[in-house]
Number of protein chains: 2
Amino acid sequence: MLRDADQGFVDHLRGLLSEPALRAPEPRYLEEPRGRWAGRAAAVAVPGSVEEVATVLRACNAARVGVVPYGGGTGLVGGQVAGVGPVPVLLSLERMRAIRAVHAEENVMEAEAGAILQDIHAAAEAADRLYPLSIASKGSARIGGLLGTNAGGVNVLRYGNARDLCLGLEVVLADGRIWNGLSRLRKDNTGYDLRNLMIGSEGTLGVITAASLKLAPRPAGEGTALMVVESPAAALSLLSLARDRMGEGISAFEMMHRTGLDFLAEALPDIRQPFDTPSDWFVLIDVGLAAGLDPAAALEALFADAFDKGLVSDGVIAQSGAQRRGIWEVREQIPEANRRIGSISSHDISLPMGEVAAFIERGGAALARLGDFRINCFGHLGDGNLHYNVFPPKGRDRSEFRHLGDGIKTCVHDLVDAMGGSVSAEHGIGRLKVGDLERYGDPVKLELMRGIKDMLDPNGILNPGAVLRARG
Amino acid sequence: MLRDADQGFVDHLRGLLSEPALRAPEPRYLEEPRGRWAGRAAAVAVPGSVEEVATVLRACNAARVGVVPYGGGTGLVGGQVAGVGPVPVLLSLERMRAIRAVHAEENVMEAEAGAILQDIHAAAEAADRLYPLSIASKGSARIGGLLGTNAGGVNVLRYGNARDLCLGLEVVLADGRIWNGLSRLRKDNTGYDLRNLMIGSEGTLGVITAASLKLAPRPAGEGTALMVVESPAAALSLLSLARDRMGEGISAFEMMHRTGLDFLAEALPDIRQPFDTPSDWFVLIDVGLAAGLDPAAALEALFADAFDKGLVSDGVIAQSGAQRRGIWEVREQIPEANRRIGSISSHDISLPMGEVAAFIERGGAALARLGDFRINCFGHLGDGNLHYNVFPPKGRDRSEFRHLGDGIKTCVHDLVDAMGGSVSAEHGIGRLKVGDLERYGDPVKLELMRGIKDMLDPNGILNPGAVLRARG
């Protein structure tokens, strides 16, 4: 049973840490990007070393005070905001943001958990390398949180998600023990895989304090195209064709619906529209090719081949870096347009690739039976990962539809589950989807998760209420 | 406390299963490839379905009888042979060898755990796809064992190890519960990563009964070269250069020492030697390139560039499939030559890439102080993974040196550990390296492993004595 972090405990904690030991729980620590919940915290601990992180956890564990690990605060499922239950301490890694080493010849970087993704990108680039993980919030997201939530983003198709880009971790356990697993090794079969157990556990099993990350060579040449496709099925065939032609050279393959362009026109009219007369579906293809291949020429040849096969009907191929950025801006600003328009219910889902087209058809039909909505379906088609967001009709506000939110979510998630998909492809469970995990998760998996949680955090201090329901 | 599987228990088990429920423990089930140990078993259970696997485990768990999961029997660390402790039952998945489905457009295959690697290769090829995991024992190794041990092999550099090539698992737990995690999804962030916990746990946490596997497109063109390098450091620079030029196109990058050629000449004289006057070090480079690139030409251009940079002095580039196979045969027959000559001590180690060259120098010097040995150092340089095997001088037999085996092993492993490496890169812990794991493993990691083991298998029936010491 946890108890509130009261003033006495906060003072005790302050005494254990070097200055600046604690910060006040300013509003920025207690909000989340979509404004769904407000969190609470007695204080924000800002330790300066792994030993101080251990000190915080030991003290909280002894006092039965909850600890909410805090990265960049960009998570979309409320993993970073605890609004109910005993008042916790926030544990922010913001002071531990060093990039400790870049081993360019090994393609390895070692970074502290508080390092911001954009700084990691810059450090990799300075060594002529690439850290491929990339998400819209890269200017604020910290690597500890990205690993804790196993973040995905636009380059998963080629390079994998945060899990696939990590070689080793340093983790502090609930009782303050420190596991040093900061390996630079590509291969190490000595015992159980604790690294992957920690990655994606959303701060409920331990606090990541440092990581060794995989870097990649920078592709010699990059190119980007938008192509109009007849249907999601045609988009998948285009992906197959592109892979046949360019192998691993496809870095991103993002599908968008015309609704995304409409939303941009409505909410962000300064963004240049790519087509005069948009069709329903289009894809962004990003390639990074080895020396000796011309990306724009390769994309043109792909387009010609796909046109002959009836898969694409129109297209734009970037001829410059500025044009590449313009195409990417269309894709990257869709979440912001969504935010401004305001969804009734948002879904981060994945499906077996072969079921994506059928899902889009069946999902649209099922929602039409619930009401008149606009669906903005876009996302990482190459991973079977759709952001499937449901909005009110034009001119209406989501506040009128709030009562339908749960029904819409259940309708979408039930269908995803029935088709072998996942109700959280890349955002995680956090506090938002605890009920979904209970509803759709394999029961044996849930039992094992509970067993692992109880073994690693018997007092339940780590991110209470996230992923698994807090013990009463 | 476990007890022997006696005749009464064996009869009981037979009654629970459909025919052929059990096989006699013939010698082939009780041997391991290097002839180090003999195993014991009261019977070999050969269940025909996941439910029957669950029946076996439930019965053994209730009776406190140990179960040794058995794949193809090709493991090199004794994970499949229990020579001490109460007599166990062997659980062979050999009847569950179906390839259930190939989803070619998704690049996914679903296979039962008993499927043999070569059959998986053939099924992928029939769908114009590639299952990249490849090891010398592919004709016998079964996918359940390959996942249980997180097998590596020659294509890890490009495609990752068994772990990286798996999307989902079906696993039976010690008490007979079945976890159905047979996902075809590329992205799924719903809860803790049990898949990776099971992969590489060597049958000590559960029994894998089926898996969904990642396939890859087949490269449009493949090529292979042998190049003579001045030193291991030059080999690493050559790898960097090759990656700069060909990106992900490098499928394998294997380094060998002249000792390997000498051993082939001595033990397998029919194998054609690639060089008239061999130098000390050479590398096998295998590439698979996208359409539009000529692999042989790309390798020739790489050679020319490397020659100009002083990295290579001689080379052979295959001009035909037969020549490719000839080059690969040199690499693939080295383990067989080693086996015939007979090592005093063999080591499957990995190092941070930047430490490989220094390790080879320091390892050779340290061993020279222990005696006059021949060292055959070869392996997956692109992964920092060396097979570092120590042999008697020419004309002497290893039986004369057996007393030095432990000292040699400790000398090598201590150095590896001091340099941040791993004492089991790809073969696992099994029963051979339990002591090494205790000696070199992070103590907190070992505590967590024990906690996970006790939680998942409280009676310790699963592969007792492998990875972790059996409870007394």
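How each quantity is defined
Residues numbered from 1 in each chain as written. Chains lettered and ligands numbered in written order. Predicted model: local features only at pLDDT ≥ 70, side-chain atom pairs only at ≥ 80, totals over all residues. Heavy atoms only, no water. Helix = DSSP H or I, 4+ residues; strand = E, 2+ residues; numbered from the N terminus. Buried < 20%, exposed > 50% of the residue type's maximum accessible area, 1.4 Å probe, protein only. Polar contact = N/O pair within 3.5 Å; in protein donor to acceptor, adjacent residues only side chain to side chain. Contact = heavy atoms within 4.5 Å. Least-squares fit on C-alpha atoms with pLDDT ≥ 70 in both. Pairing = 2+ DSSP bridges. Expected span 1.5 Å × (residues − 1). Arc of directions from axis to C-beta. Buried area = accessible area lost by both parts, 1.4 Å probe. Salt bridge = Lys/Arg side-chain N within 4 Å of Asp/Glu carboxyl O. Disulfide = S-S within 2.5 Å. Core = buried A, V, L, I, M, F, W, Y, C linked by side-chain atoms within 4.5 Å. Axes fitted to C-alpha atoms, helices over the stretch in contact; angles between N-to-C directions. Domains from an automatic or database assignment. Nonpolar A, V, L, I, M, F, W, Y, C, P; charged D, E, K, R; others polar.

**A closer look at the side chain of N338 of chain A**
Residues and elements named next belong to chain A.
No. 1: Within the secondary structure, N338 is located in helix α10 (residues 321-341).
No. 2: A relative accessible area of 6% means that N338 is categorised as buried.
No. 3: A distance of 2.9 Å separates the side chain of N338 from the side chain of N376, its partner in a polar contact.
No. 4: Not counting residues up to four positions away in its chain, the partners in contact with N338 are F263, S343, N376, F378, N389 and F391.

**Focus on the relation of the copies chain B and chain A**
Two copies of a chain can be linked by a rotation about an axis combined with a shift along that same axis.
No. 1: Overlay of chain B on chain A (RMSD 0.0 Å): rotation 180°, translation along the axis 0.0 Å. Such a combination of turn and shift is consistent with a two-fold rotation axis.
No. 2: A share of 100% of the interface residues of chain B reappears at the interface of chain A, consistent with the copies meeting face to face through the same patch.

**Looking at the pairing of strand β4 (residues 89-92) of chain A**
All names here are of chain A.
No. 1: The side-chain alternation of β4 yields two buried faces, one formed by V89 and L91 and the other by L90 and S92.
No. 2: Bridge count for strand β2 (residues 44-45) against β4 is 2 bridges, and the pairing is parallel. Bridge pairing links V44 to L90 in β4.
No. 3: Where strand β3 (residues 67-70) and β4 come together, 4 bridges link them in parallel fashion. From the neighbouring strand, V67 faces β4, where its bridge partner is V89.

**Description of helix α11 (residues 356-368) of chain A**
The periodicity of an α-helix, 3.6 residues per turn, causes residues three or four positions apart to be oriented the same way.
Residues and elements named next belong to chain A.
No. 1: Taking 1.5 Å of rise per residue, the 13 residues of α11 would be expected to cover 18 Å, and the 18 Å separating its terminal C-alpha atoms lies within 8% of that figure.
No. 2: Taken residue by residue, α11 has V356, F359, I360, G363, A366 and L367 as its buried positions. Mapping the buried residues of α11 onto a view down its axis gives an arc of 140°, with all of them on the same face. Away from the buried face of α11 by more than 90 degrees, exposed residues E361 and A368 are located.

**A short note on the interface of chain B and chain A**
No. 1: At the junction of the two partners, chain B supplies 79 residues and chain A supplies 79 residues.
No. 2: In this assembly, chain B packs against chain A so that about 6500 Å² is buried in total across both faces, 57% of it on carbon and sulfur atoms.
No. 3: If you sort the residues of chain B by the area they bury against chain A, K187, N189 and Y192 of chain B come out on top, with a joint share of 16%.
No. 4: Along the contact surface separating chain B from chain A lie 10 salt bridges.

**Some thoughts on the state of the cysteines**
Two cysteines form a disulfide when their sulfur atoms are joined by a covalent bond.
No. 1: With the rule as written, the count across this model stands at 0 disulfides over all chains.
No. 2: Of all cysteine sulfurs in the structure, the one in C166 of chain B sits closest to C166 of chain A, which takes part in no disulfide; the separation is 19 Å.
No. 3: Since its relative accessible area comes to 2%, C166 of chain A is described here as buried.

**Some remarks on the nonpolar core**
No. 1: Core analysis: the largest hydrophobic core is formed by 154 residues, its most contacted members being Y131, L147 and L169 of chain A together with Y131, L147 and L169 of chain B.
No. 2: In terms of nonpolar packing, the next biggest core, distinct from the first, is built from 53 residues, V283, F401, V412 and Y440 of chain A among them.

**Details of the sheet that holds strand β8 (residues 166-172) of chain A**
Residue and element names in this part refer to chain A.
No. 1: Spatially, β5-β6-β10-β8-β9 is the arrangement adopted by the 5 strands of the open sheet, whose pairing is antiparallel. Edge positions in the open sheet fall to β5 (99-103) and β9 (178-181), since each of these has one partner strand only. Strand after strand, the sheet turns through a mean of 10° between neighbouring axes, direction not considered.
No. 2: Strand direction decides the pairing type here: β8 and strand β10 (residues 207-214), joined by 6 bridges, are antiparallel. Each bridged residue has a counterpart across the sheet, and for V172 the counterpart in β10 is V207.
No. 3: Its contacts with the sheet place helix α2 (residues 50-63) against β8, β9 and β10, and it is angled at close to 50° to β8.

**Quick notes on the sheet that holds β3 of chain A**
Residue and element names in this part refer to chain A.
No. 1: Spatial ordering of the open sheet is given by β1-β2-β4-β3, a layout of 4 strands whose pairing is mixed. Looking at strand neighbours, the two that pair on one side only are β1 (22-23) and β3, the edges of this open sheet.
No. 2: Packed on one face of the sheet, α2 meets β2, β3 and β4 and runs near 165° to β4.

**Quick word on the environment of L448 of chain B**
No. 1: Residue position: L448 of chain B is located in helix α14 (residues 443-456).
No. 2: Since its relative accessible area comes to 2%, L448 of chain B is described here as buried.
No. 3: The residues contacting L448 of chain B, other than those within four sequence positions of it, are L173, R177, L194, M455 and L456 of chain A.

**Side note on the domain arrangement of chain A**
Residues and elements named next belong to chain A.
No. 1: Looking at chain A, the domain boundaries give domain 1 (99-217) and domain 2 (221-418).
No. 2: On a C-alpha basis, the centroid separation for the pair domain 1 and domain 2 is 28 Å.
No. 3: For the pair domain 1 and domain 2, the summed buried surface comes to about 890 Å²; carbon and sulfur atoms form 51% of the total.
No. 4: When residues of domain 1 are sorted by the area they lose upon contact with domain 2, V154, L157 and R158 head the list and together hold 72% of the total.
No. 5: Summed over the shared surface of domain 1 and domain 2, the result is 0 salt bridges.
No. 6: Among the residues making up the side of domain 1 that touches domain 2, the classes are represented as 3 nonpolar, 2 polar and 2 charged.

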